[in-house]
Amino acid sequence: GDRRASEIPAIGTSILSRCKHAIEARDHIGEAYYAPHSDGSSDHTTYHFDYLTLLLVGALDAQARIAHRAYGLKGTDRVNFRGGTSSGFVQGLRKAGAMPLYDLLIEPRTEALLTLLFEIRNTIHSASLASHGYHTTGKGPGWIEVNEGELATKLWNAASAAGGAEAWGLKKVRYQLGDKGPVVEPIQLAPYPYAVQLVRDGLGLVDRIAAATDVDRLFDSRERPDLLERPPEDQIYSTDVMTRLGLLG
């Protein structure tokens, strides 16, 4: 009944909305990625790519805030799930008895996925991912070339631990800059394959976190309301309307 408790349904609704918009952003990336190349195609791709990572991080951060309240942790609820065993928040969950959630968060694949998500999102605070350069041959989909360095290493290692670099649209290349220039070894990041994998694994993680979080604790001694398992059978979802739609199909 208090204000903080009443925020929980709104946070939950926001998680669902962000997941839906993440799917939409993925599809927009696919449209721009495979469209005939133009001066605007790289802008459209990178715009939706940035937005996608913000949405998925937002969904997971909202779940972290719910977990913080459900398990009665001290301090600010501006928390996130990154960090594994070195995270004070994750360790707080363990001490509060949230073992299913703790075990999920320290899985190597979970940590790798969070790296692949958060490292891209964090470029919003500094040099953007697209500033590395968006390249195309003019005959097919383009790619972002991530220069050698900490970011490229983190992405490559995390992708290798989360299904393989190829599945994430990552490729290592090696070439010489000019006739007498240095040899460089950047990685090529194909935005659409990366986005597809990020949405698939990201939404899967959202589901697993929801299942591992004991939200009954939010209701104290009150009875938790039932969750809908199917659309309500009234108004636009009434049996009559659904029958008509079935006949049209």
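Residues numbered from 1 in each chain as written. Predicted model: local features only at pLDDT ≥ 70, side-chain atom pairs only at ≥ 80, totals over all residues. Heavy atoms only, no water.

Caption draft 1: Representation of the environment of Pro 182. In this fold, Pro 182 is placed in the loop between strand E4 (175–176) and strand E5 (183–184). Judged by relative accessible area, which is 53%, Pro 182 ranks as exposed. For Pro 182, the contacting residues outside a window of four places in its chain are Tyr 175, Gln 176 and Leu 177. (Helix = DSSP H or I, 4+ residues; strand = E, 2+ residues; numbered from the N terminus. Buried < 20%, exposed > 50% of the residue type's maximum accessible area, 1.4 Å probe, protein only. Contact = heavy atoms within 4.5 Å.)

Caption draft 2: Just the packing of aromatic side chains, in detail. For the structure shown, the criterion picks out seven aromatic pairs. Seen from their ring centres, Tyr 47 and Tyr 51 are 6.4 Å apart, and the 20 degrees between their planes marks the pair as stacked. Linking Tyr 47 with Tyr 51, this pair stays in helix H2 (residues 41–70), spanning four residues, or about one helical turn. Under the relative-accessibility criterion, Tyr 51 is labelled partly exposed at 35%. Ring pairing ties together the aromatic residues Tyr 33, Tyr 34 and Tyr 192, which thus form one cluster. (Phe/Tyr/Trp six-rings, centres within 6.5 Å; stacked < 30°, edge-to-face > 60°.)

Caption draft 3: A look at the side chain of Arg 121. Relative to the elements of secondary structure, Arg 121 occurs in helix H5 (residues 108–121). If near-sequence neighbours (up to four positions away) are discounted, Arg 121 is found in contact with Thr 53, Leu 54 and Val 57.

Caption draft 4: Looking closely at the packing of H5 against helix H7 (residues 191–212). Running from N to C, H5 and H7 cross one another at 125 degrees; their axes reach a closest spacing of 11 Å. What the angle tells us is that H5 and H7 run oblique. Classified by chirality, the crossing of H7 by H5 is left-handed. Each of Arg 109, Thr 110, Leu 113, Leu 114, Leu 116, Leu 117 and Ile 120 in H5 lies in contact with H7, whose residues at this interface are Tyr 194, Gln 197, Leu 198, Asp 201, Gly 202 and Leu 205. (Axes fitted to C-alpha atoms, helices over the stretch in contact; angles between N-to-C directions. Parallel < 35°, antiparallel > 145°, perpendicular 65-115°, else oblique. Left-handed = near helix turned anticlockwise from the far one by under 90°.)

Caption draft 5: Quick look at the environment of Glu 111. Turning to its location among the elements, Glu 111 is positioned in helix H5. On the basis of relative accessible area, Glu 111 is assigned to the partly exposed category, the value being 32%. In the structure, Glu 111 is positioned 47 residues away from Ala 158 in sequence and 8.1 Å away in space, judged by C-alpha atoms. In contact with Glu 111, not counting residues within four places along its chain, are Gly 83, Gly 84, Leu 105 and Ile 106.

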